[in-house]
Amino acid sequence: MAQYSRISGSVGLITLKSPPVNALSAVVRQGIVDTVEKALSDPKVKSVVICGQNGIFCGGADIKEFAGNMSGPPLVPIIHAIEAANKPMVAAIEGIALGGGLELALGCHYRVAHAKARLGLPEVTLGLLPAAGGSQRLPRLIGVPAALDLITTGRHVTAAEALQLGIVDQVTDHKTVDVAVKLALSVAGKPLDARRISTYLCPPLSALDPLFEEVMQKVRQRARGAIAPIACVQAVRAAAALPYAQGMEREKELMATLFTSGQARALQYSFFAQRAVSKWSTPSGARWDTSTPRPVHKVAVIGLGTMGRGIAVALAQAGLSVVTVEPQEKQLMEAKQAVSGMLERGAKKRGVAPPLNNITYNSNIQAVADVDLVIEAVFEDMALKKKVFQQLSVVCKPGTFLCTNTSALDVDQLASQTRTPELVVGMHFFAPANVMKLLEVVYGPRSSPQALATAMQLGKKIGKVSVAVGNCRGFVGNRMLKPYIEQAFFLLEEGATPELVDRALEEFGFSMGIFKVSDLSGLDVGWRVRKGDGLAEPRATGQSARIREGRRYSPLGDLLCEQGRFGQKTGRGWYQYSKPGGREPSSDPWFHSFLKEYRAKHGLVPRAIDHQEVLERCLYALINEGFRILEDGIAAGPEDIDVIYLFGYGWPSYRGGPMFYAGMVGLPKVLDRLEHYYQAHPDVPYLQPCTLLRRLVASGSPPVHKWREVIKKLHSQL
Ligand SMILES: CC(C)(COP(=O)(O)OP(=O)(O)OC[C@H]1O[C@@H](n2cnc3c(N)ncnc32)[C@H](O)[C@@H]1OP(=O)(O)O)[C@@H](O)C(=O)NCCC(=O)NCCSC(=O)CC(=O)CCCCCCCCCCCCC(=O)O
Ligand SMILES: NC(=O)C1=CN([C@@H]2O[C@H](COP(=O)(O)OP(=O)(O)OC[C@H]3O[C@@H](n4cnc5c(N)ncnc54)[C@H](O)[C@@H]3O)[C@@H](O)[C@H]2O)C=CC1
């Protein structure tokens, strides 16, 4: 709703009231219509201030309404009426003015912002464009280049930047409404024609066509198949080229296409999924709202390799005190230099002082005696990790939470090395740990709700999207990756090339295909794991090299590693590079003839493989494992899996994550294709459709937000 009052004798005050972010729901929009009418018809009122309650101006349209039938008065005529008003309208922006919230403010004649406010048009991140006049008014106000930047990226700007760009007229540290009222009093009765942004012409540009061509090319490249950023450019182009009324028609037309698109549905699902995962629960009944985290001020990081360095940086940047331990003297020195460099570069970007003093560097584990929480990041070696956990259990003060950054090992086995297994959880970061947003927080059977709550809270504090997951080999993300990679290897055996597989995946929207990713992260990583599992050893004579434990196996990755081809680091892998450490992959004739020989040796007759088969086999195998994870209760719901893939594995955001994508494709189709491929490859158990998928299809393939009911039923029957 919106509340109306008259203050300082002649100022009408309209307050948006719709917690938590004063979104523009149908009721709020109706409230604005009614209160604006009241203010304009009251002869005592000479000017009007619009603000939001609880220090928040407005978070934009109510995104939940987009999924249903939109009712209530539309926003565009409301904003037109505000702009056309014959009394000055002033927006008092506190907290946020986002999307429709900023568009509402742009309809006002004046804008005052609090110094801590953030403003932006983030519609593109929801698969939309600013269609309440934002794409037409912003370029008229601040010029085409700056508007293009804001609208195509959706980035928020601070009040200071907004002032510099000309979005707001005034920034204040004081009470924003008071300052806005003062301004409203001072401009009462003054002419308003020059304050109506829709009447402006965009600031002239000398070469409009080349500018838009260049921007479009850049945006297309960055969008990797997303349609909203392209539509945003087209809308701004209309603002630059057409009179306002025609520009608005174009904005409406473009929005109509986006509004009903699958991409918009996926991105809006992902917005709510991100928020849903913070409301975690476990099969044993622990929940986010009944578990109290303990405050964490001082954290230890054990092992300053690739991961330990990034984790230490993320912690220090969030203001935590960090104690690092690295026994190798040379490694310690190198790490100190690398960490300081990362902190300095990060601080320069953010315009703050580098938090170098937040970190101490030690070679002795005794240094961690007084920390609140430890994150172990030593080599992926169970025996070593066990030893470290035994030491930590002795050295740390009572009550210290002990966390491991293992990517796949059993968290419970590590817990059993300590005297306090209830304080042990996994905190699985992703490389580079100071950049990647995802954190899997892994609870074992003995982890206490408080330990889980504390790790989740710490994740939030350091800016991660944290997802609580159960303990199993590879947890959620890496467990699902295994069948995906395996299918890619099998496709090579059957006739595909790394180039073909990668192209199919990149056209789907991944920034890199699986073979390029493998070259980047190093083939030796998986090789070591397979060797640890006894899979990568050469077979005794008579045993097939392509069968392990009764299942199909591809030794292709192992064979490359035996040749010293570890990917980018050695300059050779699935592709070739100009030098060790080179970044640009190119097709490698050596690999192609090696593959030919390999197929001939194993009697494999290559066949033509198309993009559809690549996508179906790789992605459906991964999705099937996702269903198994839900069946096993390792992830609480499909949103958890989707968020993990969106933030940790480069899944294209406009496809909503693998489980959402399965729903979009249609569960019966996914089931049918898995059945087809399993029939063709009965020695690949990952392709056998799992019970939950069958059960969902049998229940009429409900939408993704209803899956939890089916999962619950399935669990109660097991
Ligand atoms: C606001 C935030 C920055 C706050 O962040 P934080 O404090 O971290 O809190 P959160 O946990 O994120 O959020 C708290 C709580 O609030 C919920 N929430 C937040 N924002 C919204 C919102 N806008 N709508 C609904 N709910 C919201 C959030 O979900 C949390 O609740 P919980 O899930 O229960 O925990 C941050 O939240 C944020 O960034 N929010 C999103 C801001 C945003 O993106 N705003 C833009 C929205 S889109 C918009 O404004 C567009 C318009 O206004 C255009 C209007 C024109 C529409 C025209 C439609 C006509 C189409 C014609 C097509 C015709 C087709 C046909 O022919 O049929
Ligand atoms: N590299 C990656 O992309 C990811 C790795 N991980 C996991 O993170 C952990 C660390 O991996 P990386 O950083 O890649 O390894 P790394 O090999 O780069 O670094 C490991 C570090 O641990 C140190 N170390 C060894 N024994 C130690 C001890 N007893 N005490 C203190 N430090 C000791 C080593 O000297 C080395 O500096 C592993 O469990 C790995 O599986 C998790 C996510 C991603």
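Worth saying up front: this structure is predicted, and the values here are computed from it rather than measured.

The next thing to look at is the overall build of the protein. Secondary structure assignment for the protein yields 28 helices and 19 strands. A compact globule built from 718 residues should have a C-alpha radius of gyration of about 27 Å, and the protein, at 28 Å, falls within 12% of that. The 718 residues of the protein split such that 47% are buried.

Okay, helix α13 (residues 329–350) next. End to end, α13 covers 32 Å across 22 residues, agreeing with the expected 32 Å (1.5 Å per residue, within 8%). A335, V339, M342 and L343 are the residues of α13 that are buried. Taken down its axis, α13 places every buried residue within 100 degrees of arc, on the same side. With respect to the buried face of α13, the exposed residues turned more than 90 degrees away are E329, K330, Q337, R345 and K348. Close packing links the buried residues of α13 with α12 (306–317) and β12 (359–362). G351 sits one or two residues past α13 and shows a positive phi near 65 degrees.

Before going further, it helps to examine the site of ligand 2. Within the structure, ligand 2 sits among 24 residues, and G303, G305, M307, E380 and A431 are positioned closest to it. Broken down by secondary-structure element, the contributors of at least two residues to the shell around ligand 2 are α12 and α14 (382–395). Of the residues belonging to the shell around ligand 2, the class tally is 13 nonpolar, nine polar and two charged.

A few words now on the site of ligand 1. In the neighbourhood of ligand 1, 25 residues make up the surrounding shell, with G60, A61, G99, G100 and R275 lying closest. At the level of secondary structure, the elements contributing two or more residues to the shell around ligand 1 comprise β5 (96–98), α10 (244–259) and α11 (262–276). At three residues, the largest contribution of residues to the shell around ligand 1 is made by α10. Grouping the constituent residues of the shell around ligand 1 by class yields 16 nonpolar, five polar and four charged.

Under the feature "domain: 3-hydroxyacyl-CoA dehydrogenase C-terminal" (unreviewed entry), the UniProt entry names residues 474–577 and 614–703. Helix makes up 66% of residues 614–703 and strand 0%, and the two end C-alpha atoms of the span are 26 Å apart.

Bring the parts together and some accessible area is lost; that lost area is often taken as the interface size. Segmenting the protein into domains produces domain 1 (2–259), domain 2 (298–474), domain 3 (496–601) and domain 4 (611–717). Elements with a minimum of two residues in the side of domain 2 that touches domain 4: β16 (438–443) and β17 (465–470). When the residues that make up the side of domain 2 that touches domain 4 are grouped by side-chain class, the tally is seven nonpolar, one polar and two charged.

Further remarks concern helix α5 (residues 144–153). All buried positions along α5 are accounted for by V144, A147, L148, L150, I151 and T152. Elements in contact with the buried residues of α5: β7 (118–120), α4 (134–142), β8 (157–158), α8 (208–223) and α9 (228–241). Note on α5: the residue one or two positions beyond its end, G154, has a positive phi of about 75 degrees.

Definitions and limits used
- Residues numbered from 1 in each chain as written.
- Chains lettered and ligands numbered in written order.
- Predicted model: local features only at pLDDT ≥ 70, side-chain atom pairs only at ≥ 80, totals over all residues.
- Helix = DSSP H or I, 4+ residues; strand = E, 2+ residues; numbered from the N terminus.
- Rg over C-alpha atoms; globule rule 2.2 N^0.38 Å.
- Buried ≥ 20, exposed ≤ 12 C-beta atoms within 10 Å, placed from the backbone.
- Expected span 1.5 Å × (residues − 1).
- Arc of directions from axis to C-beta.
- Contact = placed C-beta atoms within 7 Å.
- Near = placed C-beta within 6 Å.
- Nonpolar A, V, L, I, M, F, W, Y, C, P; charged D, E, K, R; others polar.
- UniProt positions renumbered as here; feature names shortened; annotations may be inferred.
- Domains from an automatic or database assignment.

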